[in-house]
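# Structural features, examined
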Amino acid sequence: MADKKKEPRVRARPDTEILTRGFDPRLSVGSARPAVFRSTTYVFSSPESAERAFAVALGKVRPAEDEDVELIYSRLSHPNAEILEDRLVPLEEGATSAAVFNSGMAAISTLILTLCRPGTSVVCSVPMYGGTHLLLYEVLEPFGVKPVPVAAGDDAALRRAIAETENLRLVFLETPANPTLRMTDIASAAQAASERAERPLVAVDNTFMGPVFQHPLQLGADLCVYSATKYLAGFSDMLGGVVTAAGPELVAHLRSTRATLGNILQPDECWLLDSRLPTVSLRMKTQSGSAEHIVDGLVGHERIERIHYPGLFEDPEQRRIYRAQCDHPGAIFSLELRGGKQAAFDFLRRLRITKNAVSLGAMESLACHPATTTHSEMTPSQLERAGISQGLVRISVGIEDWRDLLREYTDALDAL
Ligand SMILES: Cc1ncc(COP(=O)(O)O)c(C=O)c1O
């Protein structure tokens, strides 16, 4: 089980902490890796302990520092979730706690449902992942939560929206944005939020860059959200979602909504994700390095109108944001091909190593046509405003040899 006896200790660097924290083999018969605790219910040591556990779970009392509150029922929490949540914290600079969910969308919807009520507003950067767009416009807006979209990278418009939106409860930024990679200035948004009398919370979907390349909590954000399905899990074989936060109260609040909605990550999935965490940084750095080589090799190809990639930003404002808030450019880029949808489809058809599939952050390279897949719920004018053209192909670079990928993309482009 999770090591609850928290001795004062010097915090090591994330790559070390991830291998040494959050799991005490003594609590699992000496096993070097945690067991999977599939039990749905937990036996109380006494009726008083059960009463206490429920009082804590319902927020009626606060547990004392280092108190060993007994587990209740696995929809609320379970040992594998506790272990995983403890081990996620050192990966996120500035985090004190984390909560795990059964998908990225579960994490995002739980976050918004916890913080927003009918009559409140969410300022959000656009473009954003299609599922988040659907959640805001198709599910939450009819319940009276108003999305206020702002074009990613338009800092003046973002600050104005944060200053002027009535009943603003949440600023939700996806940066870099899926699939155009446009960046939003997190520190500036956090500053604008703190200038309001009633400060809205700032949450960042850090799926594309984090937790290795971008550290939103250090830049003033309150919450970081991940589709753990992507880089955190890394193998296209499980769904998961994570929220990390600078303060424990927000996470306690999210866990309580999670218990009601029933969208905690299951024990087997927690175990799997836990085993992937020590290699997140290795994988992401390798993938980002490969993407840089590939993009360098593609620059200037006559069939490419434009490459969207943080390392190639031409807009000085985008360059400034990238340099200020990211350590590496990441492993996702989008190619805007001459010839629109037909060229994009022909390009995808010719790929053999890279799979024509949605999702990203996997060991294998993946490519898709956002306008007809991940972002197909957007209207033509929304797509145009968001800069998602019919010729746009999004590529997530895996860990194959980058020279093979570059050859494959160059050959596919040459044949168009
Ligand atoms: C940026 C971003 N956020 C959230 C999600 C949703 O994650 P999940 O598919 O794990 O629910 C995705 C999925 O592609 C995404 O790209």
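Now for a look at the structure at hand. Please read these numbers as outputs of a predicted model, since none were measured by experiment. (Residues numbered from 1 in each chain as written. Predicted model: local features only at pLDDT ≥ 70, side-chain atom pairs only at ≥ 80, totals over all residues. Heavy atoms only, no water.)

### A closer look at the overall build of the chain
Just so we agree on the cut-off: Only DSSP runs of H or I reaching four residues or more are called helices, and only runs of E reaching two or more are called strands; each is numbered from the N terminus. C-alpha atoms define the radius of gyration, and 2.2 Å times the number of residues to the power 0.38 defines the globule rule. With a 1.4 Å probe rolled over the protein chains alone, any residue whose accessible area is under 20% of its type maximum counts as buried; one over 50% counts as exposed, and the rest are partly exposed. It only takes one pair of heavy atoms within 4.5 Å for two residues to be counted as in contact.
Secondary structure assignment for the chain yields 14 helices and 12 strands. Relative to the globule expectation of 22 Å for 416 residues, the C-alpha radius of gyration of the chain, 22 Å, shows essentially globular dimensions. With the principal axes as the frame, the chain shows a C-alpha extent of 75 × 50 × 35 Å. A burial count over the chain gives 55% of its 416 residues as buried. In the chain, the proportion of contacts linking residues at least 24 apart, taken out of those at least 6 apart, comes to 74%.

### Here's the deal with the packing of helix 4 (residues 104–115) against helix 8 (residues 248–261)
As a reminder, the rule being used: For helices, the fitted line uses only the C-alpha atoms of the stretch in contact; every axis is such a line through C-alpha atoms, and the angle between N-to-C directions lies from 0 to 180 degrees. Should an angle fall under 35 degrees it is taken as roughly parallel, and over 145 as roughly antiparallel, whereas 65 to 115 is taken as roughly perpendicular and any remaining angle as oblique. Note on residue classes: Ala, Val, Leu, Ile, Met, Phe, Trp, Tyr, Cys and Pro are nonpolar, Asp, Glu, Lys and Arg are charged, and everything else, Gly too, is polar.
Contact geometry for helix 4 and helix 8: axes closest at 9 Å, N-to-C directions at 110°. On the basis of their axis angle, the class for helix 4 and helix 8 is roughly perpendicular. Contact residues: Thr-110, Leu-111, Leu-113, Thr-114 and Leu-115 in helix 4; Leu-250, His-253, Leu-254, Thr-257, Arg-258 and Leu-261 in helix 8. Looking at the contact of helix 4 with helix 8 residue by residue, the classes come out as 6 nonpolar, 4 polar and 1 charged.

### Some words on the nonpolar core
One recurring pattern in soluble globular proteins is that nonpolar side chains are buried together. The line we're drawing: Buried Ala, Val, Leu, Ile, Met, Phe, Trp, Tyr and Cys residues form a nonpolar core when they are joined through side-chain atoms within 4.5 Å.
Counting 62 residues, the largest nonpolar core has Leu-298, Phe-333 and Phe-347 as its most contacted members. Sequence-distant contacts of Phe-347, that is, excluding residues within four places in its chain, are made with Leu-335, Leu-337, Val-393, Ile-395, Tyr-409, Ala-412, Leu-413 and Leu-416. One finds Ala-106, Ile-112, Cys-116 and Phe-172 within the second-largest nonpolar core, a separate group that totals 27 residues.

### Quick word on the site of the ligand
We apply this condition: Working definition: residue near molecule or strand if any one of its non-hydrogen atoms lies within 4 Å of it. Polar contact is defined as a pair of N or O atoms within 3.5 Å, subject to the rule that within protein one atom must be able to donate a hydrogen and the other to accept it, and that residues adjacent in sequence are counted only when both atoms are side-chain atoms. Working definition of accessibility: Shrake-Rupley area with a 1.4 Å probe, residue cover restricted to the visible protein chains.
Among the 13 residues in the neighbourhood of the ligand, the closest are listed as Met-105, Asp-205, Ser-227, Thr-229 and Lys-230. Interatomic distance of 2.8 Å between a backbone N/O atom of Met-105 and an oxygen atom of the ligand. Between the ligand and the protein, one listed contact pairs an oxygen atom with a side-chain N or O atom of Thr-229 at 2.6 Å. If the ligand stood free it would expose 390 Å²; the protein chains cover 92% of that surface. A breakdown of the residues in the shell around the ligand according to their chemical character gives 3 nonpolar, 7 polar and 3 charged.

### Some thoughts on the sheet that holds strand 10 (residues 355–356)
Let me state the cut-off plainly: At least two bridges found by DSSP between two strands is the condition for calling them paired.
The sheet built from 5 strands is open, its strands ordered 8-9-12-11-10 with mixed pairing. The sheet terminates laterally at strand 8 (304–308) and strand 10, the two strands that pair on one side only. As judged from the 5 bridges shared by strand 9 (residues 332–337) and strand 12 (residues 392–396), these two strands associate in the antiparallel manner. Bridge pairing links Leu-335 to Val-393 in strand 12. Across the face of the sheet, helix 10 (residues 280–298) comes into contact with strand 8 and strand 9 while running at roughly 20° to strand 9.

### Some remarks on the sheet that holds strand 7 (residues 241–245)
Pairing within the open sheet is mixed, and its 7 strands lie in the order 1-7-6-5-4-2-3. Looking at the sheet topology across the chains shown, the edges are occupied by strand 1 (97–101) and strand 3 (146–151). Going across the sheet, the axis of each strand differs from the next one's by a mean of 20°, ignoring polarity. Of the pairings in the sheet, the one linking strand 2 (residues 121–126) to strand 4 (residues 168–174) comprises 4 bridges and is parallel in character. Paired with Val-122 across the two strands is Leu-170, which belongs to strand 4. The sheet contacts of helix 5 (residues 130–140) involve strand 2, strand 3 and strand 4, and relative to strand 3 the element is tilted by about 140°. Helix-sheet contacts for helix 8 involve strand 1, strand 5 (201–205), strand 6 (223–227) and strand 7, and the interaxial angle to strand 1 is about 20°.

### Describing helix 10
The condition is simple: By definition here, a helix of n residues has an expected span of 1.5 Å times n minus one.
When the terminal C-alpha atoms of helix 10 are compared, their 27 Å separation across 19 residues agrees well with the 27 Å that a helix rising 1.5 Å per residue should span. Listed in full, the buried residues belonging to helix 10 are Val-280, Ser-281, Arg-283, Met-284, Gln-287, Ser-288, Ser-290, Ala-291, Ile-294, Val-295 and Leu-298. In the core, the buried residues of helix 10 are packed alongside helix 1 (14–20), helix 9 (267–276), strand 8, strand 9 and helix 14 (402–414). Count one or two residues on from helix 10 and you reach Gly-300, which has phi positive near 90°.

### Side note on the environment of Gly-311
Along the chain, Gly-311 turns up in the loop between strand 8 and helix 11 (316–325). Since its relative accessible area comes to 48%, Gly-311 is described here as partly exposed. As a C-alpha pair, Gly-311 and Ala-190 span 121 residues in sequence and 24 Å in three-dimensional space. Leaving out residues up to four positions away in the same chain, Gly-311 has contacts with Tyr-322 and Pro-329.

### A look at helix 4
Owing to its 3.6 residues per turn, the α-helix aligns residues three or four sequence positions apart on the same side. Between its first and last C-alpha atoms helix 4 spans 17 Å; for 12 residues at 1.5 Å apiece the expected length is 16 Å, and the two agree. Most of helix 4 sits out of view: 10 of its 12 residues are buried. Taken together, the buried positions of helix 4 are Gly-104, Ala-106, Ala-107, Ile-108, Ser-109, Thr-110, Leu-111, Ile-112, Thr-114 and Leu-115.

### Considerations on unusual backbone geometry
With the exception of glycine, the majority of residues adopt a negative phi angle, and the majority of peptide bonds are in the trans configuration. A cis amide bond links Val-126 to the next residue, Pro-127, at an omega of 5°. Relative to the helices and strands, Pro-127 resides in the loop between strand 2 and helix 5. Here the amide bond leading from Thr-175 into Pro-176 is cis, since omega sits at 0°, within 30 degrees of zero. In this fold, Pro-176 is placed in the loop between strand 4 and helix 7 (186–194). A positive phi angle, near 65°, is found at Leu-181, a position not held by glycine. Inspection of the secondary structure puts Leu-181 in the loop between strand 4 and helix 7.

### Overview of the pattern of salt bridges
Formally: Whenever Lys or Arg places a side-chain nitrogen within 4 Å of a carboxyl oxygen from Asp or Glu, that contact is recorded as a salt bridge.
Across all of its chains, the model carries 18 salt bridges by this definition. Of the charged contacts in the structure, one is a salt bridge between Arg-21 and Glu-17, with a shortest N-O distance of 3.6 Å. Residue classification places Arg-21 among the buried positions, given a relative accessible area of 17%. Of the residues examined, Glu-17 reaches a relative accessible area of 1% and is grouped as buried. Between Asp-346 and Arg-349 there is a salt bridge, with its nearest N and O atoms 3.0 Å apart. With a gap of 3 residues between them, Asp-346 and Arg-349 both fall in helix 12 (residues 340–349), about one helical turn apart. A relative accessible area of 22% means that Asp-346 is categorised as partly exposed. By sharing partners, the salt bridges in this structure join Arg-33, Arg-87 and Asp-274 into a single network.

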